[in-house]
Amino acid sequence: MACLKLGSRPGTFRREGNDWYYTTGLKSDLIVKIGKASFHLHKFPLVSKSGLFETLISEKIKEGEQVSLLELHDFPFGIEIFELCAKFCYSFKFELNASNVIPLCCASENLKMNEEISEGNLRSQTHKFLHNSVLKSWRGSIQALQSCNNCMKAANNLHILEHCVKSVSEKCLSTQQELVNQHFSWNGIQIMRTGSMKIGVGIGPSNSGIDWWYVDVATLPLPLFVEVISQLETLGMDQEIITGSVNYYAMRSIPGLNRREFITEPSNPLLAKEEQRTLVEEIEKILPFQKGTSSCKLLFGLLKCAKLLKASNATMYNLERRIGTQLDEANLEDLLISNFSNSAKDETMYDVDCVHRILRHFLTMDKMINGGVQSKGINEDVQLLESNRGVQLAVSDINSDAVIRVSYLVDAYLAEVASDSNLKSETFSSFAAAIPEYARVTCDMLYSAIDIYLKVITVLNSDGIFFIYHVRSF
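Report on the accompanying structure. Model, not experiment: these values are computed from the prediction.

## Comments concerning the overall build of the protein
Here is step 1: In terms of regular secondary structure, the protein is built from 22 helices and nine strands.
Here is step 2: Every one of the 474 residues in the protein was classed for burial, and the buried ones make up 48%.
Here is step 3: Summarising the internal contacts of the protein: among those between residues at least 6 apart in sequence, 70% fall at separations of at least 24.
Here is step 4: In the structure as shown, the protein presents an accessible area of about 23200 Å², 50% of it carried by carbon and sulfur atoms.

## Observations regarding the sheet that holds strand β4 (residues 30-34)
Here is step 1: Pairing in this open sheet of five strands is mixed, and the strands run β2-β3-β5-β4-β6 from one edge to the other. With one partner strand each, in any of the chains shown, β2 (13-16) and β6 (69-71) form the two edges of the open sheet. Ignoring strand direction, the axes of neighbouring strands in this sheet form an average angle of 20°.
Here is step 2: Bridge count between β4 and β6: three bridges; the pairing is parallel. Along β6, the bridge assignment pairs isoleucine 31 with leucine 69.
Here is step 3: Strands in contact with helix α3 (residues 79-89) are β2, β3 (19-22), β4 and β5 (37-41); relative to β5, the strand with the most contacts, it is inclined by about 5°.

## Considerations on the environment of arginine 360
Here is step 1: With respect to the element layout, arginine 360 can be found in helix α17 (residues 352-370).
Here is step 2: Along the chain, arginine 360 and glycine 324 lie 36 residues apart, while their C-alpha atoms are 7.5 Å from each other.

## Side note on the nonpolar core
Here is step 1: By size, the foremost hydrophobic cluster in this structure holds 132 residues, and its most contacted members are Val32, Phe82, Ile102, Trp213, Val217 and Leu327.
Here is step 2: Here valine 217 is in contact with Trp138, Ile142, Val168, Cys172, Phe225, Val228 and Tyr249, once residues within four sequence places are set aside.

## A word on the packing of helix α4 (residues 101-110) against helix α5 (residues 122-132)
Here is step 1: Close contact between α4 and α5 brings their axes to 9 Å; oriented N to C, the two are set at 150°. Overall, the two elements α4 and α5 adopt an arrangement that is roughly antiparallel. With respect to the hand of their crossing, α4 and α5 are arranged in left-handed fashion. Where α4 abuts α5, its residues Val101, Ile102, Leu104, Cys105, Ser108 and Glu109 lie against Leu122, Arg123, Thr126, His127, Phe129 and Leu130.

## Describing the packing of aromatic side chains
Here is step 1: Tallied over the full model, the rule gives 15 aromatic pairs.
Here is step 2: Geometrically, the ring pair formed by tryptophan 20 and phenylalanine 39 is stacked, given 4.9 Å between the ring centres and 20° between the ring planes. You can see tryptophan 20 sitting in strand β3 and its partner phenylalanine 39 sitting in strand β5, a full 19 residues away along the chain.
Here is step 3: Judged by relative accessible area, tryptophan 20 falls into the buried class, the value being 5%.
Here is step 4: For phenylalanine 39, a relative accessible area of 0% puts it in the buried group.
Here is step 5: One aromatic cluster in this structure is built from Trp20, Phe39, Phe53, Phe75, Phe77 and Phe82.

About the criteria used
- Residues numbered from 1 in each chain as written.
- Predicted model: local features only at pLDDT ≥ 70, side-chain atom pairs only at ≥ 80, totals over all residues.
- Heavy atoms only, no water.
- Helix = DSSP H or I, 4+ residues; strand = E, 2+ residues; numbered from the N terminus.
- Buried < 20%, exposed > 50% of the residue type's maximum accessible area, 1.4 Å probe, protein only.
- Contact = heavy atoms within 4.5 Å.
- Areas by Shrake-Rupley, 256 points an atom, 1.4 Å probe, with all protein chains shown as cover.
- Pairing = 2+ DSSP bridges.
- Axes fitted to C-alpha atoms, helices over the stretch in contact; angles between N-to-C directions.
- Core = buried A, V, L, I, M, F, W, Y, C linked by side-chain atoms within 4.5 Å.
- Parallel < 35°, antiparallel > 145°, perpendicular 65-115°, else oblique.
- Left-handed = near helix turned anticlockwise from the far one by under 90°.
- Phe/Tyr/Trp six-rings, centres within 6.5 Å; stacked < 30°, edge-to-face > 60°.

Set out below in structure tokens:
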């Protein structure tokens, strides 16, 4: 990893609890407080490098105050970064590297450590190192972005993030073997003579081609990952490659998507529920809306997470519509979405209404392509598809075979949920009747579902009579 050695004097600060002391024994004449931390320092080295300290101390002296304590309330970059800034003021030796250069860039701006105060000051040193060394390499660019958690706003205001995101994005488009080798070497992946690579199962891409960058970009914080994806779209990267990256990020960040069983707990205990909800919502937004680029299983996994985490209605609505365009690729397990509703009126084990909505989205596409009267819902689905990056549906996207596959799937689903005593007969009937007549080649599974449901309804009341009236049409 590239690094730059700064300072000329050996030295450090001694820590005692929340206090940092200059180690030479020279008595401190200024305490600088950063949150709960106190740095026992000296005015002269600070004033000689920092315009902010010069201003603060001068103002207090003009007001006739004894300057022995300064509190920096607007220094959000952390204690470790301030300690490095203090070392720079004292000319202590330390190492500038890809992991601290951006926080130090931001801190030097905050403390006004610029050329007007001292030649070769921290601001110029960090900016030169960032642009002339760190951003030249793949590893450096990624590590620099990874370090931005505590300084994202400041780095954005200084346009540093813009340069870093551009650097990473341009390198993602590159097929230069040198960059690919940097990635593999960094991640401990063995390049084979055939050009393939050895990598742990489920960890990353399967070859050293156009998707070599997925693993590293997926380590970025969500806001920066979104920025990289947006930049890649601007640069014209193929939508399928972008979708692959988003899918990989989702699978890596939401572990529940890798499990076959339905999710009953938030997937990543290391993240707060609000953060997980934001993660799911943002991933849904950046997924290209091109049919088939994301697997049906991934979309169902995102939908289950969205419901568990109580994501926005817009997120769940869009996921249901995305799934609806490719429902023929789903299996029964995908459709078994647990019901997380707290409503006393909706006590079914599975979210039947959600699957019914997905089915309606699928059938509106079938009507739009294969004929039939276009309703408001159909037009909304068409507008949604066409408004997302200009995606158009071809006649082949939904055909009669697909509808027949969905009819088998729906009947199997009805047979699975029919034993739920809380399932209303109106819901069951409307669900079963939604399938077009031409698509239901055989009714065996449907009759099995009806038989199961009738056994559950042990008392023939008005509800049971209503159900029997409707099943006569099947």
